[in-house]
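Chain residues, written in single-letter form:
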Amino acid sequence: MQTSGLRVRPPGEAAAMVRFKHRYLLCEVVSDDPRCRLSLEDRVLGNLVRDTIARFHGTFGAAACSIGFAVRYLNAYTGIVLLRCRKEFYQLVWSALPFITYLENKGHRYPCFLNTLHVGGTIRTCQKFLIQYNRRQLLILLQNCTDEGEREAIQKSVTRSCLLEEESGEEELSDSGGEEAAEAVG
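No experiment lies behind these values; they were computed from the predicted model shown.

(A) Representation of the sheet that holds strand β6 (residues 113–120). The strand order across the open sheet formed by 4 strands is β2-β3-β1-β6, and the pairing between neighbours is antiparallel. Strand pairing shows two members of the sheet lacking a second neighbour, β2 (70–75) and β6, which therefore form its edges. Looking at each pair of strands side by side, their axes are set apart by 25° on average, direction ignored. Pairing of strand β1 (residues 22–30) with strand β3 (residues 80–86), which is carried by 7 bridges, proceeds in the antiparallel orientation.

Dropping the structure here:
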C-alpha cells in the first residue's frame, strides 16, 4: 500500500502554530504646509490608508488589508511613518499610497502625498535603512550650505549619526557572546 505523503494527525495531537509574516512600509509624508505633519495622528492616517485601499481595490482589497494592518510608528516632526501589513497583501497597500493626496484632521485639509522610502520584512531593517537615508539627506544639506554655522551644525549631526551607528554595531557584536566578537571589537 502506497501513502500519498499526507500525515493524518492523531486525535490527541495539537495543530502546529503558524507565524503570520508581515511587511513594513517606511513612508515619508511630503507637504509644503508644515502644519500638515504636525497634525498627523496614527488613527487618522490609518483610516485614510484603509479608505484609499477600499476606494481603489474594492471590498476585497479593504478586507485583505484590514487584517494585520497597523500604523506602527509615526513621527510628526520628521513626517516618517511605518505601516505594517500582511506579506501576501503588501502590494495592495503599496499601490494605494500614491493616491493619498491630502490629510484631513480636525476640520482642516492639507495637501500632501506619501513617498515610500523602503519596504522591509522587519522593523529593524527599516530602522537601518532610515539611518542611511537620514545620513544621505544630511550630506545633501551639507553640500547646499551657504553659512559656516549651518555647515558646522550639520557636520556635527553627521558625525553623531556615524558614532551612534558604530556603537550599535559594537553592541550587536558583543551580544553574540563569542570570543571572535570580542577580538573584532578589541
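Picking up where we left off.
(B) Unusual backbone geometry, seen in detail. Located in the positive-phi region is K106, a residue other than glycine, with phi close to 55°. Within the secondary structure, K106 sits in the loop between β4 (102–105) and β5 (108–111).

(C) Highlighting a negative patch on the surface. A cluster of acidic residues, D147, E148, E150 and E152, forms a negative patch at the surface. Examined against the element boundaries, E152 turns out to sit in helix α5 (residues 148–175). Judged by relative accessible area, which is 42%, E152 ranks as partly exposed.

(D) Representation of the packing of aromatic side chains within the structure. By the definition in use, this model includes 4 aromatic pairs. Consider the rings of F60 and F89, whose centres lie 6.2 Å apart with planes at 80°: the pair is edge-to-face. On the criterion of sequence distance, the pair formed by F60 in helix α2 (residues 42–66) and F89 in the loop between β3 and α3 (90–96) is long-range, its members being 29 residues apart. What makes F89 partly exposed here is its relative accessible area of 26%. Over the ring of F20 we find R86, and its NZ or CZ is 4.0 Å from the ring centre.

(E) Representation of the pairing of β1. Most of β1 is tucked away: 7 of the 9 residues are buried. In this sheet, β6 lies alongside β1 in antiparallel orientation, the contact comprising 7 bridges. Across the sheet, residue C27 finds its bridge partner in β6, namely T116.

(F) A look at helix α4 (residues 123–143). In a regular helix each residue adds 1.5 Å, so 21 residues correspond to 30 Å; α4 covers 30 Å between its end C-alpha atoms and thus fits that length. Buried residues of α4: C126, L130, Y133, R135, L138 and L142, and no others.

(G) How the structure looks around the environment of C65. Relative to the helices and strands, C65 resides in helix α2. For C65, a relative accessible area of 3% puts it in the buried group. Separated by 21 residues in sequence, C65 and R86 place their C-alpha atoms 7.1 Å apart.

(H) Expanded view of α2. For α2, spanning 25 residues, the distance from its first C-alpha to its last is only 15 Å, which falls clearly below the expected 36 Å at 1.5 Å a residue. The largest bend in α2 is about 140°, located at H57. Every buried residue of α2 is listed here: V44, L45, G46, L48, V49, T52, I53, G61, A64 and C65. Next to the buried residues of α2 lie β2, β3, α3 and β4. G68 sits one or two positions beyond α2 and adopts a positive phi of about 85°.

(I) Structural detail: the side chain of E28. Position of E28 among the secondary structure elements: in strand β1. It is R37 that comes nearest to the buried, bridge-free E28 among opposite-charge side chains, at 5.8 Å. Setting aside chain neighbours within four positions, we find E28 in contact with G79, I80, F113, L114, N115, L117 and Y133.

Conventions and cut-offs
- Residues numbered from 1 in each chain as written.
- Predicted model: local features only at pLDDT ≥ 70, side-chain atom pairs only at ≥ 80, totals over all residues.
- Heavy atoms only, no water.
- Pairing = 2+ DSSP bridges.
- Helix = DSSP H or I, 4+ residues; strand = E, 2+ residues; numbered from the N terminus.
- Axes fitted to C-alpha atoms, helices over the stretch in contact; angles between N-to-C directions.
- Patch = residues over 30% accessible without salt bridge, like charges linked within 9 Å, V, L, I, M, F, W, Y side chains within 5 Å.
- Areas by Shrake-Rupley, 256 points an atom, 1.4 Å probe, with all protein chains shown as cover.
- Salt bridge = Lys/Arg side-chain N within 4 Å of Asp/Glu carboxyl O.
- Lys, Arg positive; Asp, Glu negative; His and termini not counted.
- Charge placed at Lys NZ, Arg CZ, Asp CG, Glu CD.
- Buried < 20%, exposed > 50% of the residue type's maximum accessible area, 1.4 Å probe, protein only.
- Phe/Tyr/Trp six-rings, centres within 6.5 Å; stacked < 30°, edge-to-face > 60°.
- Lys NZ or Arg CZ within 6 Å of the ring centre and 35° of its normal.
- Expected span 1.5 Å × (residues − 1).
- Bend = angle between axes of the 7 residues up to and from the residue.
- Contact = heavy atoms within 4.5 Å.

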